[in-house]
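Letter by letter, the chains look like this.
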Amino acid sequence: MDNILGNPEKEIIEFEILSIQKFLVLSIFSLGLYEVWWIYKSWRFFRDKDNLDIMPAARAIFSILFLHGLFEKIQDFSKSKGHTKTFSSAGYYLGFIGLNFTSRLPDPYWLVSFLSMFFLIPALESLNYGIKQSENYTTIENGKYNNRQIGIITVGSLFWVLVLIGLFIPTE
């Protein structure tokens, strides 16, 4: 549909921004699985925005192959919207993948692998900035957790209790 000036009207899309605090809480309580979900949602955002012929789920599952590209895409997008903060895509990619490999360490050293979520935060901040500055998106910053997120926190709490019990009960 054309407006009075003859230009096609741009569709404004409502987009919920994920806060860093929410990301960290959900990553911890999902035992790191929320990070894969965030990677999936980020790829899906770019697929829809740029009309790409990609499979976001496959790129999230095989993030060891595609995460660096996602970091680059996020930085390009946020720079195009005026973001001046940058991060090392290669460094954060290697940090994320490297810390995830520490999950193979013996008890309790494997817990270090949960620090990998911190290597996604600069990308999360850049993506949020780009979306907020984009004229195509109206952003919503909801501080409340939805029912699915509450479910993740509840089930994750139970798993964390079991993990901690397993760490402190001596094995024979």
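Basis of the calculations
- Within each chain, residues carry numbers counting from 1 in the order of the written sequence.
- In view of the model being predicted, local features appear only for residues whose pLDDT reaches at least 70, and side-chain atom pairs are presented and counted only at 80 or more, with totals across whole chains, interfaces and linings using the full set of residues.
- Note that the side-chain values use all heavy atoms of the structure and ignore hydrogens as well as water.
- Secondary structure elements follow DSSP: runs of H or I of four or more residues count as helices, runs of E of two or more count as strands, with numbering from the N terminus.
- Throughout this description, buried means an accessible area under 20% of the type-specific maximum (1.4 Å probe, protein chains only), exposed means over 50%, and partly exposed covers the range between.
- Residues count as neighbours in contact if any of their non-hydrogen atoms are within 4.5 Å of one another.
- Under the convention used here, a 1.4 Å probe and the Shrake-Rupley method define accessible areas, while residue burial counts only the protein chains that appear.
- A positive count includes Lys and Arg, and a negative count includes Asp and Glu. His and the chain ends are not counted in either.
- Charged side chains are reduced to one point each, which is NZ for Lys, CZ for Arg, CG for Asp and CD for Glu.
- Here the term patch refers to residues with relative accessible area over 30% and no salt bridge, with like charges joined within 9 Å and nonpolar side chains (Val, Leu, Ile, Met, Phe, Trp, Tyr) within 5 Å.
- Salt bridges are identified by distance alone: a Lys or Arg side-chain nitrogen within 4 Å of an Asp or Glu carboxyl oxygen.
- Working definition: a ring pair exists when centres of Phe, Tyr or Trp rings (six-membered ring for Trp) sit within 6.5 Å. Plane angles under 30 degrees give stacked, over 60 give edge-to-face, the rest tilted.
- Charge-over-ring contacts are defined here by two conditions on Lys NZ or Arg CZ: a distance within 6 Å of the ring centre and an angle within 35 degrees of the ring normal.
- The axes are straight lines fitted to the C-alpha atoms, using for helices just the contacting stretch, and the angles between their N-to-C directions are given from 0 to 180°.
- Each angle receives one of four descriptions, namely roughly parallel if under 35 degrees, roughly antiparallel if over 145, roughly perpendicular if within 65 to 115, and oblique otherwise.
- If you view the pair so one helix is near and one far, a crossing is left-handed when the near helix is turned anticlockwise from the far one by less than a right angle, and right-handed when it is turned clockwise.
- By the convention adopted, Pro, Cys, Tyr, Trp, Phe, Met, Ile, Leu, Val and Ala count as nonpolar, Lys, Arg, Asp and Glu as charged, and the other residues, Gly among them, as polar.

> Help me understand the overall build of the chain in this model?
In terms of helices and strands, the chain carries seven helices and two strands. Helices and strands in the chain line up, N terminus first, as β-α-α-α-α-α-α-β-α. Principal-axis analysis of the C-alpha atoms gives the chain an extent of 80 × 35 × 30 Å. For the chain, the residues scored as buried account for 34% of the 172 residues in total. Sequence-distant contacts, at least 24 apart, represent 69% of the contacts inside the chain between residues at least 6 apart. When the accessible surface of the chain is summed, it comes to about 10900 Å², and 61% of that surface belongs to carbon and sulfur atoms. Here the chain holds 15 positive side-chain charges and 16 negative ones, and the gap between their average locations is 1 Å.

> What is the right way to read the side chain of S42 from this model?
As for its placement among the helices and strands, S42 is situated in helix α2 (residues 33-50). Among the residues examined, S42 registers a relative accessible area of 1% and is labelled buried. Apart from residues lying up to four places away in sequence, S42 is in contact with L70 and L127.

> It is not clear to me how a nonpolar patch on the surface should be interpreted in this structure. Could you clarify?
On the surface, L31, V155, F159, V161, L162, I165 and I169 cluster together into a nonpolar patch covering about 610 Å² of accessible area. You can see I165 is positioned in helix α7 (residues 147-168). Given a relative accessible area of 41%, I165 falls into the partly exposed group.

> Where do I start with the packing of aromatic side chains in this structure?
In this description, an aromatic ring pair is defined by two values, namely the gap between the centres and the angle between the planes. Within the structure shown, the criterion is met by 14 aromatic pairs. Seen in terms of ring centroids, F45 and F46 are 5.1 Å apart; in terms of plane orientation they differ by 75°. Their pairing is edge-to-face. Residue F45 shares its accessibility class with F46, and that shared class is buried. Connected via pairs of aromatic rings, a cluster forms that spans F15, F45, F46, F77 and Y137. Of note, K22 hangs over the ring of Y145, and the distance from its end group to the ring centre comes to 5.5 Å. It is R59 that lies over the ring of W43; its NZ or CZ is 4.6 Å from the centre.

> Help me understand the packing of helix α1 (residues 20-29) against α7, please; the structure alone is not making it clear to me.
Closest axis-to-axis distance for the α1/α7 pair is 8 Å, and the angle between their directions is 45°. Here α1 lies oblique to α7, going by the angle between them. In this structure, α1 uses K22, V25, L26, I28 and F29 to contact α7, whose residues at the interface are Q149, I152, I153, G156, S157 and W160.

> Looking at this model, I keep getting lost on the packing of α1 against helix α6 (residues 121-133). Mind explaining?
Helix-helix packing is characterised by the crossing angle of the two axes and by the distance between the axes. Their axes nearest at 11 Å, the elements α1 and α6 cross at an angle of 140°. As summarised for this structure, α1 and α6 are arranged oblique, according to the angle between their axes. Where α1 crosses over α6, the two elements pack in a sense that is right-handed. Contacts between α1 and α6 involve I20, F23 and L24 on the former and, on the latter, I121, L124 and E125. Taken together, the residues of the contact of α1 with α6 sort by class into five nonpolar, no polar and one charged.

> Explain the environment of Q133 here, please?
Relative to the helices and strands, Q133 is located in helix α6. On the accessibility criterion, Q133 (40% relative accessible area) is partly exposed. Distance in space between the C-alpha atoms of Q133 and G82 is 8.0 Å, their sequence separation being 51 residues.

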